[in-house]
Amino acid sequence: MARKNSNFISARESRRISKENAKITRKLDKQLSRKHVPESEYMTTMHDSGNVVEFDDLHTCFFTDVGTVKAVDGVSFNIPVGKTVGVVGESGCGKSVTSLSLMQLLQRPTGQIVSGEIRLNLGDKAYDVTKMPIRAMEKIRGNVVSMIFQEPMTSLNPVFRIGFQLDEIIKLHNHELSDEEVKARSVEAIKMVGIPDAEGIYNRYPHELSGGMRQRIVIAMALVCNPRLIIADEPTTALDVTIQAQILKLMNDLKRTTGAAIIFITHDLGVINEMADDVAVMYCGQVVEQAPAEVIFQNCENSHPYTEGLMLSIPRLEIESDRLEPIPGTVPHPLALPKGCKFGPRCKYCTQKCMEQEPELKKISENQMIRCFYPNKEERTSAEHQKITVNH
């Protein structure tokens, strides 16, 4: 007889899960789809007026037919005004879902914000994005908060000219402008991102531009309404190294010019080192370390083992080595996460305590927070600690 597969779910069980999840998603969708919601329902107060966004214990889930995926599991970090915060981690760690939660662009009804707060600072007032109805969010999205997506060719509509797509955004949030004023603003946005012959580009289709120029247009679309926050979701992944350097320089220059804050999402720690003021490292839907970039990239005395693994996997010219040191194992399945520390099964410093208890994100120093029972590098590499580690 074949051995029973522990990951197998029967059709009856799948139907039961699907019905339960449908009830939950209908209730959450109904809340977001309400009309004529008073502003007082989603107004809030920033904990620090120096932040443009504050994520506070955010939980975002995807309700599937085989179970509930906790894509974002208690994420908390802040985006200071005029600063760049880098969010790094492996694919599936929750980086993009965190930003899509802020933009309310989750794939509904499956994807839903379940709990927590996302406080958005508008200057004279603040909103809790998790409680905002769809119609109110439409006035914020692209105007106060905008997003640069990963692949420009899928972000731009191939059947419309560049100018039409830029004009559309401006008209949506600035009804009082005439057609001539809208066009002038679009052309100015194209010039701002360093593209020559802005008038000519305005009348072209996306397929007529190179990859680097398309990415610049997507950046122009994000900046055209002067947002307070720009979310850059791996904006340089599809570009070659030379164009990548130009785009990063452009974004740094625009940040200084416009004063906008940036959430920079990427796998590339080298890019984060160049771009970010602060860094949030994510793993399995949680922030495992948060610190200024100079603390993360210097040989500091404390770090999360996952951050340490990421740093060791970067090629360095000053270190002679035949092989890079990879992080062992793979990311656990989102429906079968380990009981204790999510990184425990892959961690070379893991103990029985790590396997049984989940660590909290704790303040280690004035500007560093780590989710680990053994954050000190010297202590966890000592002979005493080696005696209590668990061999996987």
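Calculation criteria
Residues numbered from 1 in each chain as written. Predicted model: local features only at pLDDT ≥ 70, side-chain atom pairs only at ≥ 80, totals over all residues. Heavy atoms only, no water. Buried < 20%, exposed > 50% of the residue type's maximum accessible area, 1.4 Å probe, protein only. Helix = DSSP H or I, 4+ residues; strand = E, 2+ residues; numbered from the N terminus. Axes fitted to C-alpha atoms, helices over the stretch in contact; angles between N-to-C directions. Parallel < 35°, antiparallel > 145°, perpendicular 65-115°, else oblique. Left-handed = near helix turned anticlockwise from the far one by under 90°. Contact = heavy atoms within 4.5 Å. Nonpolar A, V, L, I, M, F, W, Y, C, P; charged D, E, K, R; others polar. Pairing = 2+ DSSP bridges. Core = buried A, V, L, I, M, F, W, Y, C linked by side-chain atoms within 4.5 Å. Polar contact = N/O pair within 3.5 Å; in protein donor to acceptor, adjacent residues only side chain to side chain. 1 Å grid on protein atoms, 1.4 Å probe; cavity = no way out; pocket = protein on both sides within 12 Å on 5 of 7 lines; lining within 4 Å. Points joined across faces, edges and corners; volume = space filled by probe spheres on them.

> Whenever I open this one, helix H2 (residues 95-103) confuses me. Can you help?
Among the nine residues in H2, seven count as buried, and that is most of the element. Listing the buried residues of H2 in full gives Lys95, Val97, Thr98, Ser99, Ser101, Leu102 and Met103. Backbone geometry just after H2 places Gln104 at a positive phi near 55 degrees.

> What's the story with the packing of helix H5 (residues 162-173) against helix H6 (residues 179-192) in this structure? I'm lost.
Helix packing for two helices is described by the angle between their axes and how far apart those axes are. Packing of H5 against H6 brings their axes to within 9 Å, and their N-to-C directions diverge by 115 degrees. Classified by the interaxial angle, the pair formed by H5 and H6 is roughly perpendicular. Every pair of crossing elements has a handedness; the one defined by H5 and H6 is right-handed. Touching Ile162, Gly163, Leu166, Asp167, Ile170 and Lys171 of H5 are Asp179, Val182, Lys183, Arg185, Ser186 and Ile190, all from H6. Looking at the contact of H5 with H6 residue by residue, the classes come out as five nonpolar, two polar and five charged.

> Would you mind showing me how to read the pairing of strand S12 (residues 362-365) here?
Two faces make up the sheet, and in a regular strand the side chains alternate between them. For S12 and strand S13 (residues 368-370), the ladder comprises three bridges, and the chain directions are antiparallel. By the bridge assignment for S13, Ser365 is matched with Gln368.

> For this particular structure, what's the right way to read the sheet that holds strand S10 (residues 278-283)?
Strands pair in a sheet through their backbones, by hydrogen bonds, and they do so in one of two ways: parallel or antiparallel. The strand order across the open sheet formed by eight strands is S7-S8-S9-S4-S10-S11-S13-S12, and the pairing between neighbours is mixed. Of all strands in the sheet, those bounded by a partner on one side alone are strand S7 (145-148) and S12. The sheet shows a mean angle of 20 degrees between the axes of neighbouring strands, direction not considered. Relative to strand S8 (residues 229-233), S7 runs parallel, the two sharing four bridges. By the bridge assignment, Ser146 is partnered in S8 with Ile230.

> Please explain the environment of His207 as it appears in this structure.
Positionally, His207 belongs in the loop between helix H7 (198-202) and helix H8 (211-223). Note on His207: relative accessible area 55%, which makes it exposed. Separated by 48 residues in sequence, His207 and Val159 place their C-alpha atoms 9.4 Å apart. Setting aside residues up to four positions removed in sequence, His207 forms contacts with Met153 and Arg214.

> Sorry, what's going on with the nonpolar core here?
Nonpolar side chains tend toward joint burial in soluble globular proteins. Core analysis: the biggest nonpolar cluster contains 63 residues, and Ile190, Ile217, Ile219, Met251, Phe264 and Val279 have the highest contact counts within it. Looking at this core element by element, the count peaks at seven residues for H8. Every residue in contact with Val279, bar those within four places of it in the chain, is listed here: Gly86, Val88, Ile272, Glu289, Gln290, Ala291, Ala293, Ile296 and Phe297.

> Before we go on, may I ask you to explain the side chain of Thr389 in this structure?
One can find Thr389 in the segment after helix H15 (383-386). You can call Thr389 buried: its relative accessible area is 17%. In terms of polar contacts, Thr389 uses its side chain to reach the backbone carbonyl oxygen of Gln386, at 2.9 Å. Not counting the four nearest positions on each side in its chain, Thr389 is found in contact with Lys348, Tyr349, Cys350 and Thr351.

> Explanation requested: empty space enclosed by the protein in the structure shown.
A water-sized probe rolled over the atoms picks out the places where empty space is left. Summed over all chains, the structure comprises four cavities of 30 Å³ or more. The computed volume of the largest cavity comes to approximately 80 Å³. What lines the largest cavity is a set of 13 residues, and nearest its centre among them are Pro305, Cys341, Cys347, Cys354 and Cys372. Split into classes, the residues belonging to the lining of the largest cavity amount to 10 nonpolar, two polar and one charged.

> How should I be thinking about the packing of H8 against helix H9 (residues 241-258) in this particular structure?
At a minimum axis separation of 10 Å, H8 and H9 run at an interaxial angle of 20 degrees. Our classification of the angle between H8 and H9 gives roughly parallel. The hand of the H8/H9 crossing is right-handed. Of H9, the residues touching H8 (which contributes Gly212, Gln215, Arg216, Ile219 and Leu223) are Ile243, Gln246, Ile247, Leu250, Met251 and Leu254. Here the contact of H8 with H9 is composed, by residue class, of seven nonpolar, three polar and one charged.

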